[in-house]
Amino acid sequence: MKIHPTVVLTFLLLAVMAAAGTASANWGLKIGREALKGVTQPDARPTNSLPGNSLKERSPGSVVFLEESEIIKQVEKQTQADAGSAD
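Quick caveat, the model's predicted, so the values are computed rather than measured.

About the thresholds
- Each chain has its residues counted from 1, following the order in which its sequence is written.
- At least 70 in pLDDT is required for a residue's local features to be given in this predicted model, at least 80 for side-chain atom pairs to be given and counted, and no such filter applies to totals for whole chains, interfaces and linings, which use all residues.
- Computation of side-chain values covers all heavy atoms of the structure but excludes hydrogens and water.
- Runs of E in the DSSP output that reach at least two residues are strands. Runs of H or I that reach at least four are helices, and both are numbered from the N terminus.
- Burial classes: relative accessible area under 20% of the type maximum marks a residue as buried, over 50% as exposed, and values in between as partly exposed (1.4 Å probe, protein chains only).
- In this analysis, a patch consists of residues with relative accessible area above 30% that form no salt bridge, clustered at 9 Å for like charges and at 5 Å for the nonpolar side chains Val, Leu, Ile, Met, Phe, Trp and Tyr.
- Here, Shrake-Rupley sampling with a 1.4 Å probe gives the accessible areas, and only protein chains in the shown set may cover a residue.
- The salt bridge criterion pairs a side-chain nitrogen of Lys or Arg with a carboxyl oxygen of Asp or Glu, the two atoms within 4 Å.

Undergrad: Hey, could you go over the overall build of the chain for me, with residue numbers and the actual values?
TA: Looking only at helices and strands, the chain features two helices and zero strands. In the chain, buried positions account for 0% of the 87 residues.

What follows is the structure, given as structure tokens:
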């Protein structure tokens, strides 16, 4: 039985593509882990630290809506404080 050169070339290319894919995946995993090395999850849920929020006042799964005017006041206060510290 004669081995056809086209079949050999096809399997060779398939093996090269599989090796390149594996190498690329390993390299991407290494780069991704390096990029996320210092990133951690927050210690607590941000909604638990809002003033006036206690777990007893809210039912599980309820949504807390904040007033837009209060949010704008807080943002303006923080940006003014940040601008003052940058000078």
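What follows continues from the structure just given.
Undergrad: I'd like a rundown of a nonpolar patch on the surface, residues and numbers included.
TA: Nonpolar side chains collect at one region of the surface, where V7, F11, L14 and M17 lie side by side and expose about 430 Å² of accessible area between them. Within the secondary structure layout, F11 lies in helix α1 (residues 5-35).

Undergrad: Which residues make up the pattern of salt bridges, and what are the values?
TA: According to the stated counting rule, one finds two salt bridges in the structure shown. The salt bridge involving K37 is made with E34; its shortest N-O contact spans 3.4 Å. Each member of the pair, K37 together with E34, is exposed. Across the salt bridge formed by K73 and E70, the nearest N and O atoms sit 3.9 Å from each other. Of this pair, K73 and E70 both sit in helix α2 (residues 68-86), three residues apart, roughly one helical turn.

Everything listed is a geometric property; what it means functionally is a separate question.
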